Amino acid sequence: QVQLVESGGGSVQAGGSLRLSCTASEFTFRNYFCMGWFRQAPGQEREGVAALDSDDNSRYADSVQGRFVISRDKAENTLYLQMNSLKPEDPAMYYCATRGGFCTDPTLRTDGYAYWGQGTQVTVSS
């Protein structure tokens, strides 16, 4: 069973920043693997936040465009989500996911992502 591990969650004030990290504990995802970040708040469906395709083209949800940045460190085999200007609407459990292969579409849809992390909690205070 492939296990993705997220870290970096916590509690910050509105307007603050937080950086989430994601690594694979049982395998190394290739530089071209499609990756994504998702979030789910209590009582709501899981939604796509940001994604990367095999050419590192990115896509963001409208609600985080201009505030969040998804990136990967190919040497460290690590995925990041830099979250800036956090709002009270951003708190949720954030999940890292990979499609486990090559793609040309940084989709924000949950279907198609084969492996998921356990999630890391993000809280915003004001």
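Please read these numbers as outputs of a predicted model, since none were measured by experiment.

Some details on the overall build of the chain
Alright, step 1. Counting secondary structure elements, the chain contains zero helices and eleven strands.
Alright, step 2. Moving toward the C terminus, one meets the helices and strands of the chain in the order β-β-β-β-β-β-β-β-β-β-β.
Alright, step 3. By the compact-globule yardstick of 14 Å for 126 residues, the chain fits well, its C-alpha radius of gyration being 13 Å.
Alright, step 4. Expressed along its principal axes, the backbone C-alpha trace of the chain runs to roughly 40 × 30 × 25 Å.

Describing the state of the cysteines
Note: disulfide means a covalent bond formed between the sulfur atoms of two cysteine side chains.
Alright, step 1. The full count for this structure, using the stated rule, is two disulfides.
Alright, step 2. What pairs with Cys-22 in a disulfide is Cys-96, and their sulfur atoms sit 1.9 Å apart. For the disulfide bridge between Cys-22 and Cys-96, the dihedral angle about the S-S bond is near -70°, and by the sign convention the bridge is left-handed. Taken together, the residues span a long stretch of sequence, with Cys-22 in strand E3 (residues 18–24) and Cys-96 in strand E9 (residues 92–98) at a distance of 74 residues.
Alright, step 3. Each sulfur of the disulfide joining Cys-34 and Cys-103 lies 1.7 Å from the other. In this structure the cystine formed by Cys-34 and Cys-103 twists about its S-S bond by roughly -120°; its chirality is therefore left-handed. Taken together, the residues Cys-34 in the loop between E3 and strand E4 (35–40) and Cys-103 in the loop between E9 and strand E10 (115–116) connect sequence positions 69 residues apart. Considered together, Cys-34 and Cys-103 belong to a single accessibility category, that of buried residues.

Reading guide: rules and limits
- Here the residue numbers are simple positions, counted from 1 along each chain's written sequence.
- Local features in this predicted model are restricted to residues of pLDDT 70 or higher, and side-chain atom pairs are both shown and tallied only at a pLDDT of 80 or more, whereas totals for entire chains, interfaces and linings draw on every residue.
- Remark: hydrogens and water are excluded; side-chain values derive from all non-hydrogen atoms of the structure.
- Segments assigned H or I by DSSP are reported as helices when at least four residues long, segments assigned E as strands when at least two residues long, and all are numbered from the N terminus.
- Two things to know: the radius of gyration comes from C-alpha atoms, and the globule rule equals 2.2 Å times the number of residues to the power 0.38.
- Defined by distance alone, a disulfide is two cysteine sulfur atoms within 2.5 Å.
- Only protein chains enter the accessibility calculation, which uses a 1.4 Å probe; a residue whose area is less than 20% of its type maximum is buried, one above 50% is exposed, and one in between is partly exposed.

This is a description of form; function is not addressed.
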